[in-house]
Amino acid sequence: MIGFSRPAHQFVCDGVPLSAIAEAEGTPVYIYSAALLRERYQAIDRAFGGYPHRLHYALKANSSLAVARLLRESGSAADANSIWEIELARRAGFPPGDVIFTGVGKSAAELECAVPLGLKAINVESAGELARVEAIAERLGVTARVALRVNPDIDSKSHPHISTGLKINKFGIPLDETRQLVASIPRRRHLALVAIHVHVGSQITATGPLASAAALVGELAVEVRGHGVALEYLDLGGGLGISYDHRHVPTVEQYARVLTDSVRSTRLPIVIEPGRAIAGPAGALVARVVDLKPRTADSDFAVLDAGMTELMRPALYGAYHRIEPVRPNAASERQYEFVGPVCESSDVVGRDRMVPTLEVGDLVWIADAGAYGSAMASNYNRRPLPAEVLVDDGTWRVIRRRQTLDDMTALESV
Ligand SMILES: Cc1ncc(COP(=O)(O)O)c(C=O)c1O
């Protein structure tokens, strides 16, 4: 079995005991399954079958160089959210023509760098940004390939903090304005409109919003054609949710069917930007219990050496991650509030969890931390970024060493 499982008395990643990695590299440590990363990419790719499509892995989910390179080698293209993610993508081997530049606040400096690169598209977020891209392209004497990100005013039914498709969200261009911009394209010589883009949120577990958003993009594509502009593809964003808590989420086949059915009549290829659905389940965070103390009559605090600095999602939006002892060794169970070591009461990793009774020094693993785990980690409380380990074909290697205080202060002066 690939990924994380417990074939005998302890959890393993692709057959390698998590405890062996933790002993060698210390904790906290992120551990990724190369086999599962490949499988997740391939499963989504396969699900689209013969419908022309391309996956642009969303680097924001996990942009560790080795992870990006592995997905590049698996056939993925990339979605980058800043000029630094674009540069990261290039270092991981993605040619500029395989990179889409998304993001709501592209600075003038970022656009200056991006326009001449020959990216697959700059996904534009406003009329002002389109004008800025155009001005740079004109000055450089090039044609910028752009996609317009439409804000469809659709509720993704995800957590409000990761919903991006409503009018009140900062993302995208209102529908009316998108139509006006589309109409202006034929007279703008330095812009090539190659796609319409939509992304209504992340961790989406209902297919309805995805279908509505895709259908709207399909309708817009027809209007674009009416202006004599030939789009190359439709960019339907990322957002497919994963099951953090064993609850039902759409299968990749259902997801692909919903998207293809919604836009098939346009006969345009689909681009998607999955991040979480590829990297999430392929990674775990392994931590050690550093203290236990009473909380209520029925529960204790289990203080871990990992918290919001290593996995911000629970503190940021109450996200749920499964937490289990790496080597469950007790016959009894107890309820714990898993908390981190950070000086914030919001530094809770998991609330009210019944697990086999723990002792100080035990290892626990936190599931589905491959996406938005290391990517969102911080140095708060001067905590060093953990090591990252990639398990591949029965062996493992450090793909990022643990940060030191010297690394942290290297940019500082007194
Ligand atoms: C424009 C865009 N594309 C893709 C993604 C990746 O989303 P997910 O990781 O949910 O697939 C995001 C993240 O929110 C995004 O903002």
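Located above this text is the structure these notes cover.
Being a predicted model, the structure only gives us computed values, none of them experimental.

A.B. asks: How do you make sense of the overall build of the chain when you look at a structure like this?
C.D. replies: Looking only at helices and strands, one finds twelve helices and 21 strands in the chain. Considering only C-alpha atoms, the chain reaches an extent of 70 × 55 × 40 Å along its principal axes. Evaluated residue by residue, the chain yields a buried proportion of 55% over its 414 residues. When the accessible surface of the chain is totalled, it reaches about 17200 Å², and 51% of it is carbon and sulfur. Within the chain, one finds 44 positive and 48 negative side-chain charges whose respective centroids are separated by 4 Å.

A.B. asks: What is the right way to read unusual backbone geometry from this model?
C.D. replies: With the exception of glycine, most residues fall at negative phi, and the peptide bonds are largely trans. Following Thr27, the chain continues into Pro28 via a peptide bond in cis, with omega recorded as -5°. Looking at the element boundaries, Pro28 is found in the loop between α1 (18-25) and β4 (29-33). Positive phi, close to 45°, is recorded for Asp352, a residue that is not glycine. Relative to the helices and strands, Asp352 is located in strand β18 (residues 348-356). Relative accessible area serves as the criterion here: at 44%, Asp352 is assigned to the partly exposed category.

A.B. asks: Looking at this model, I keep getting lost on empty space enclosed by the protein. Mind explaining?
C.D. replies: Empty space among the atoms becomes apparent when a probe as large as a water molecule is rolled across them. The full count for this structure, using the stated rule, is one cavity of 30 Å³ or more. If you go around the largest cavity, the residues you meet are Val198, His199, Val200, Gly201, Ile204, Leu210, Ala213, Ala214, Leu236, Gly238 and Leu259. Broken down by element, the residue count for the lining of the largest cavity peaks at three residues, all from helix α8 (residues 207-226). Residue composition of the lining of the largest cavity, by class: eight nonpolar, three polar and no charged.

A.B. asks: I tried to follow the site of the ligand on my own but got confused; where do I start?
C.D. replies: Close to the ligand lie 15 residues, the nearest being Ser202, Gly239, Glu273, Arg276 and Tyr372. Asp79 is positioned such that a nitrogen or oxygen atom in its side chain is 3.3 Å from a nitrogen atom of the ligand. Of all the cavities here, the one that holds the ligand is the largest pocket. Taken together, the residues that form the shell around the ligand break down as three nonpolar, seven polar and five charged.

A.B. asks: I would appreciate a short explanation of the packing of helix α2 (residues 34-47) against helix α3 (residues 65-73) in the present structure.
C.D. replies: Any two packed helices are characterised by the angle at which their axes cross and by the distance between the axes. Their axes nearest at 10 Å, the elements α2 and α3 cross at an angle of 45°. By the criterion of interaxial angle, the relationship of α2 to α3 is oblique. Taken as a pair, α2 and α3 cross one another with a handedness that is right-handed. Each of Ala34, Leu37, Arg38 and Tyr41 in α2 lies in contact with α3, whose residues at this interface are Val67, Leu70 and Leu71.

A.B. asks: So what exactly am I meant to see when it comes to the side chain of His56 here?
C.D. replies: Inspection of the secondary structure assignment puts His56 in strand β5 (residues 53-58). From its side chain, His56 meets the backbone oxygen of Ala78 in a polar contact 2.8 Å long. A distance of 3.2 Å separates a polar atom in the side chain of His56 from a polar atom in the side chain of Lys120. Setting aside residues up to four positions removed in sequence, His56 forms contacts with Ser76, Ala77, Ala78, Asp79, Asp98, Val99, Ile100, Lys120, Val271, Ile272, Glu273 and Pro274.

A.B. asks: Could you clarify how one ought to interpret the environment of Asp352 in this entry?
C.D. replies: Sequence spacing of Asp352 and Phe301 is 51 residues, and the spatial spacing of their C-alpha atoms is 9.5 Å. When neighbours within four sequence positions are excluded, Asp352 is seen to be in contact with Arg295, Gln335, Tyr336 and Glu337. A polar contact of 3.2 Å, which involves the side chain of Asp352, links it to the side chain of Arg295. Polar contacts involving the side chain of Asp352 include one to the side chain of Gln335, which spans 3.3 Å.

A.B. asks: Help me understand α8 in this model?
C.D. replies: With 20 residues, α8 should reach 28 Å at 1.5 Å per residue; the first-to-last C-alpha distance of 29 Å fits that figure. Buried within α8 we find Pro209, Leu210, Ala213, Ala214, Leu216, Val217, Gly218, Leu220, Ala221 and Val224. Summarising the contacts, the buried residues of α8 are in contact with β9 (144-151), α7 (175-184), β11 (191-197), β12 (233-235) and α9 (252-263). Where α8 terminates, the next one or two residues include Gly228, which has phi positive at roughly 80°.

A.B. asks: Mind showing me how you'd approach the pattern of salt bridges here?
C.D. replies: In this structure the tally under the stated criterion is 27 salt bridges. Residue Arg351 pairs with Glu337 through a salt bridge whose shortest N-O separation is 3.1 Å. Residue Arg351 is found in strand β18, and its partner Glu337 is found in strand β17 (residues 333-339); the two are separated by 14 residues along the sequence. Linked through salt bridges whose partners overlap, the residues forming this network are Arg295, Glu337, Arg351 and Asp352.

A.B. asks: Please explain the packing of α8 against α9 as it appears in this structure.
C.D. replies: Running from N to C, α8 and α9 point in directions that differ by 25°, and their axes come no closer than 8 Å. Comparing the axis directions of α8 and α9 gives the class roughly parallel. Judged by the sense of rotation from one axis to the other, the crossing of α8 with α9 is right-handed. Residues Thr207, Leu210, Ala211, Ala214, Ala215 and Gly218 of α8 form the contact with α9, whose participating residues are Tyr255, Val258, Leu259, Ser262 and Val263. Class assignment of the residues belonging to the contact of α8 with α9 gives a composition of eight nonpolar, three polar and no charged.

A.B. asks: What exactly am I supposed to notice about the layout of surface pockets here?
C.D. replies: Roughly 680 Å³ of internal volume is contained in the largest pocket. Looking at the lining of the largest pocket residue by residue, the class counts come to 14 nonpolar, 14 polar and nine charged. Contributing to the lining of the second largest pocket are 22 residues, with Arg40, Ile242, Ser243, Pro281 and Asp368 lying nearest its centre. Where the lining of the second largest pocket is concerned, the elements lending two or more residues are α2 and α9.

Parameters and conventions
- Residues numbered from 1 in each chain as written.
- Predicted model: local features only at pLDDT ≥ 70, side-chain atom pairs only at ≥ 80, totals over all residues.
- Heavy atoms only, no water.
- Helix = DSSP H or I, 4+ residues; strand = E, 2+ residues; numbered from the N terminus.
- Buried < 20%, exposed > 50% of the residue type's maximum accessible area, 1.4 Å probe, protein only.
- Areas by Shrake-Rupley, 256 points an atom, 1.4 Å probe, with all protein chains shown as cover.
- Lys, Arg positive; Asp, Glu negative; His and termini not counted.
- Charge placed at Lys NZ, Arg CZ, Asp CG, Glu CD.
- 1 Å grid on protein atoms, 1.4 Å probe; cavity = no way out; pocket = protein on both sides within 12 Å on 5 of 7 lines; lining within 4 Å.
- Points joined across faces, edges and corners; volume = space filled by probe spheres on them.
- Nonpolar A, V, L, I, M, F, W, Y, C, P; charged D, E, K, R; others polar.
- Near = heavy atom within 4 Å.
- Polar contact = N/O pair within 3.5 Å; in protein donor to acceptor, adjacent residues only side chain to side chain.
- Sits in = over half its atoms within 2 Å of the grid points.
- Axes fitted to C-alpha atoms, helices over the stretch in contact; angles between N-to-C directions.
- Parallel < 35°, antiparallel > 145°, perpendicular 65-115°, else oblique.
- Left-handed = near helix turned anticlockwise from the far one by under 90°.
- Contact = heavy atoms within 4.5 Å.
- Expected span 1.5 Å × (residues − 1).
- Salt bridge = Lys/Arg side-chain N within 4 Å of Asp/Glu carboxyl O.

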